[in-house]
Amino acid sequence: MIRHFPNLQELHQGMKFVAILFLAAFSCVSSLAHNQDHQKGGQSAEVGSVCVFMDTGCPIARYHTRTLRLLHEEYAGKGIRFAAVFPAANTTKKSLQAFVGKYKFPLKAILDPGQARARALKATIVPEVFVFDRNEKLIYRGRIDDRFAAVGKRRPLTRTHDLADVLRALSASETIEPRKTKAIGCAITFRQKDTSRE
């Protein structure tokens, strides 16, 4: 039987992408091991992690702070860690602290000034959620729920609670088939890469 192997360059690129994806997932949540998720005295084994991209100036991101706060309250003590990454170039420590205080936002807030995490996970919208299992395997990517049909078009009622459903299954150790939904929100503006040194 003849097996077709990719050339070394393709193999290297594939391995590099997997490594970047893993590191991005790890960097989103690794700093939380001794954070507020474990301050409630819960000794639950870690079952997964949530990494959500946010923006202090995005109306849809601000709208979803309450949902994220409630989900954090329900699942942080059940082995699920949470982190919120802020990739906007104009977000400062001061503006981030003001956002956290105003919306009583309990997730670990991480500035991403170089946008390395956003690029690694290929995040394009805020809010956009990435959920990983205990092995850092990506099992869900997309919206928090379907409250917004489009930018500026909010439904009267939420019909599907995508993130909540995934976290419920994850905490119950159910088998989860990886899936993706379309995130609705504000586009991430990426800085142009400086290639002069490459």
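Note on numbering: residues in each chain are counted from 1, in written sequence order. Predicted model: local features are reported for residues with pLDDT of at least 70 only, side-chain atom pairs are reported and counted for 80 or more only, and whole-chain, interface and lining totals are derived from all residues. Hydrogens and waters are ignored; side-chain quantities use all the structure's heavy atoms.

A. Representation of the packing of helix 3 (residues 65-75) against helix 6 (residues 162-171). Angular values range over 0 to 180 degrees, each being the angle between N-to-C directions of two axes fitted as lines to C-alpha atoms, with helices fitted over their stretch in contact. Only runs of H or I of at least four residues qualify as helices and only runs of E of at least two qualify as strands under DSSP, and these elements are numbered from the N terminus. The interhelical angle for the contact between helix 3 and helix 6, taken along N-to-C directions, is 10 degrees, at an axis separation of 11 Å. Viewed along their axes, helix 3 and helix 6 adopt a mutual orientation that is roughly parallel. Two secondary-structure elements touch here, helix 3 through Leu68, Leu71 and Tyr75 and helix 6 through Leu163, Ala164, Leu167, Arg168 and Ser171. Classifying every residue of the contact of helix 3 with helix 6 gives 6 nonpolar, 1 polar and 1 charged. Working definition: roughly parallel below 35 degrees, roughly antiparallel above 145 degrees, roughly perpendicular at 65 to 115 degrees, and oblique for all remaining angles. Residues are treated as being in contact if the distance between any of their heavy atoms lies within 4.5 Å. When residue character is reported, Ala, Val, Leu, Ile, Met, Phe, Trp, Tyr, Cys and Pro are called nonpolar, Asp, Glu, Lys and Arg charged, and the others, Gly included, polar.

B. The arrangement of the environment of lysine 137 in detail. By the element assignment, lysine 137 lies in the loop between strand 5 (128-133) and strand 6 (138-142). Taking the C-alpha atoms as reference points, lysine 137 and proline 178, separated by 41 residues in sequence, lie 9.0 Å from one another. Leave out the neighbours within four places in its chain, and lysine 137 touches Val131, Phe132 and Pro178.

C. The arrangement of helix 3 in detail. Among the residues making up helix 3, those that are buried are Thr65, Leu68, Leu71, His72 and Tyr75. Buried residues of helix 3 fall within an arc of 125 degrees about the axis and therefore sit on the same side. Packing partners of the buried residues in helix 3 comprise strand 1 (48-53), helix 2 (59-63), strand 2 (80-86), helix 4 (93-102) and helix 6. Buried residues are those whose accessible area, probed at 1.4 Å on protein chains only, stays under 20% of the maximum for their type, while exposed residues exceed 50% and partly exposed ones sit between those limits. Directions from the helix axis toward the C-beta atoms define the arc.

D. How the structure looks around the pattern of salt bridges. One side-chain nitrogen of Lys or Arg within 4 Å of one carboxyl oxygen of Asp or Glu is enough to make a salt bridge. By the definition in use, this model includes 8 salt bridges. Between aspartate 162 and arginine 143 there is a salt bridge, and its shortest N-O distance comes to 2.7 Å. Residue aspartate 162 is found in helix 6, and its partner arginine 143 is found in the loop between strand 6 and strand 7 (148-150); the two are separated by 19 residues along the sequence. Classification of arginine 143 as partly exposed rests on a relative accessible area of 23%. Arginine 168 serves as the salt-bridge partner of aspartate 165, at 2.8 Å between the closest nitrogen and oxygen. Of this pair, aspartate 165 and arginine 168 both sit in helix 6, 3 residues apart, which is roughly one turn of the helix. If you follow the salt bridges from partner to partner, you end up with Arg143, Asp162 and Arg179 in one network.

E. Geometry of the environment of threonine 160. Positionally, threonine 160 belongs in the loop between strand 8 (153-154) and helix 6. For threonine 160, a relative accessible area of 31% translates into the label partly exposed. Residues threonine 160 and isoleucine 144, spaced 16 residues apart in sequence, show a C-alpha to C-alpha distance of 9.1 Å. Residue contacts for threonine 160: discarding those within four places in its chain leaves Arg143, Asp145 and Asp146. A distance of 3.3 Å separates a polar atom in the side chain of threonine 160 from a polar atom in the side chain of arginine 143. Two N or O atoms count as a polar contact when they lie within 3.5 Å, although within protein this holds only if one can serve as hydrogen donor and the other as acceptor, and sequence-adjacent residues are included solely when both atoms are side-chain atoms.

F. A look at the state of the cysteines. In what follows, a disulfide is any cysteine sulfur pair within 2.5 Å. Tallying each qualifying case throughout the model produces 1 disulfide. Each sulfur of the disulfide joining cysteine 58 and cysteine 186 lies 2.2 Å from the other. Between cysteine 58 and cysteine 186 the sulfur-sulfur dihedral comes to about 85 degrees; the bridge is accordingly right-handed. Taken as a pair, cysteine 58 in the loop between strand 1 and helix 2 and cysteine 186 in strand 10 (residues 186-187) lie far apart in primary sequence, 128 residues in all. Owing to a relative accessible area of 1%, cysteine 58 belongs among the buried residues under this scheme. For cysteine 186, a relative accessible area of 23% translates into the label partly exposed.

Function-wise, these values are silent; they only describe arrangement.
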